[in-house]
Amino acid sequence: MGACYSHMVFFPPERPSYADVQGNVSFPRLRDGEVQLQQWCLCPIEYVETGRRSRVPLVLLPCRSVEVGSDEVTSGSYIDPWVCRYTILFSHGNAEDLGLILPYAEEIGSLLRCNMVCYDYSGYGVSKGHSGPSEKNFYADIEAVYDYLTATKGIEASRIILAGRSLGSGPTCHLAQRRDVRGVILISPIASCIRVVFDMGRVTLPFDMFCNLDKIHRIEAPVLIIHGDADEVVPFTHGQSLYDKLVQHQTTPHGPRPIIQPLWLAGGDHNTIESDLIPEFKKQVVLRYRQFLGELDSIPLRSVEALPKNRCLPRAS
């Protein structure tokens, strides 16, 4: 039955906000009364094949150098991506695509001195294949990107942080309980899709999608949750219930999971807590990100090699 209401869950932009022009991200710009494509000269688009026969685009953004004590991105050169301590794999929200989030991702990566990896879901942006957006495709998409980063790019699992915004919290929680990562950031996360509309409490309906509330306690990495208490799209109670579930299940099969204090933004709604519309919110969010990275640095790293091999579960099918 989940497929019956998929059209009410997934809202890819009607047209991609960007184009793939000779392997580079390009944006449409109005010039002399005509729409022209302007190349975004940062990094090329790469494609990964998913386990469900889609080819999804991704962009690896090495961070820029940032002046010490500055909150502004400088025009300095890019840092060697292998020097940065962490790479953040970012899953965007609904009604967004790769082109819409790249400027934000570049800025956040620069401020945190982290690499950012952004990708599009099946059926979003310039993804290729016959499959449209679905829960299973979202899971296959992020698994393929993660496997590409670790197997092809050689990025260690202990240096990967997952971040998911809104609907992007679904694939993020899915991957975090199936693959080894250093940490997880959930921004305005959903407890599940049905719960966005109906308060189901602890009851999960069999046709519900992205049931993060049933998965989050199986994540062994530290989890930071950020949510605004005036969110009218994804109720604040979603972030609270996910955090409560983590607190109730601190013990994992391989030891206790550190409890990370969430960031609850008073007056923050769904679309402004990270935007430039309310600088104070964005300042608090970036500061909490930095604190979280410091917390990860201070938490002893469990050897990924020491974990049982069945932590790397089969791909979504």
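These figures come from a predicted structure and were not determined experimentally.

I tried to follow the pairing of strand 7 (residues 115-119) on my own but got confused; where do I start?
Regular strands have side chains that alternate between both faces of the sheet. The element strand 7 is largely enclosed, with a buried count of 5 among its 5 residues. Of the pairings in the sheet, the one linking strand 5 (residues 55-61) to strand 7 comprises 4 bridges and is antiparallel in character. The partner of V59 across the bridge, within strand 7, is C118. When strand 6 (residues 87-91) meets strand 7, the two strands line up parallel, connected through 4 bridges. Paired with F90 across the two strands is C118, which belongs to strand 7.

Would you mind showing me how to read the packing of aromatic side chains here?
Note on aromatic pairs: each is described by the distance of the centres and the angle between the planes. Following the criterion strictly, the structure yields 11 aromatic pairs and no others. Note on F10 and F138: the rings are 5.1 Å apart at their centroids and 50 degrees apart in plane angle, and the pair reads as tilted. Within this pair, whereas F10 is found in the segment before strand 1 (19-21), its partner F138 is found in helix 2 (residues 135-152), the two being separated by 128 residues in sequence. Neither residue differs from the other here; F10 and F138 are each classed as buried. For the pair Y121 and F138, a centre-to-centre distance of 3.9 Å together with 15 degrees between the ring planes defines the contact as stacked. Taken together, the residues span a long stretch of sequence, with Y121 in the loop between strand 7 and helix 2 and F138 in helix 2 at a distance of 17 residues. Of the two residues examined, Y121 and F138, each falls in the buried class. Put simply, the rings of F10, Y119, Y121, Y124, F138, Y139 and F210 pair up and form one aromatic cluster. Note that R165 overlies the ring of Y104, its terminal NZ or CZ placed 5.1 Å from the centroid.

Teacher, can you tell me more about the environment of T87 here?
Looking at where T87 falls in the secondary structure, it is placed in strand 6. Relative accessible area serves as the criterion here: at 4%, T87 is assigned to the buried category. Measuring from C-alpha to C-alpha, the distance between T87 and V117 comes to 7.1 Å, with 30 residues separating the pair along the chain. Not counting the four nearest positions on each side in its chain, T87 is found in contact with N115, V117, I155, R159, I160 and I161.

Can you walk me through the environment of D141 in this structure?
In this structure, D141 sits in helix 2. Sequence separation between D141 and T50 is 91 residues, and the spatial gap between their C-alpha atoms is 5.7 Å. Here D141 is in contact with T50, V56, Y119, Y121 and S122, once residues within four sequence places are set aside.

What counts, and where the lines are drawn
- Residues numbered from 1 in each chain as written.
- Predicted model: local features only at pLDDT ≥ 70, side-chain atom pairs only at ≥ 80, totals over all residues.
- Heavy atoms only, no water.
- Buried < 20%, exposed > 50% of the residue type's maximum accessible area, 1.4 Å probe, protein only.
- Helix = DSSP H or I, 4+ residues; strand = E, 2+ residues; numbered from the N terminus.
- Pairing = 2+ DSSP bridges.
- Phe/Tyr/Trp six-rings, centres within 6.5 Å; stacked < 30°, edge-to-face > 60°.
- Lys NZ or Arg CZ within 6 Å of the ring centre and 35° of its normal.
- Contact = heavy atoms within 4.5 Å.

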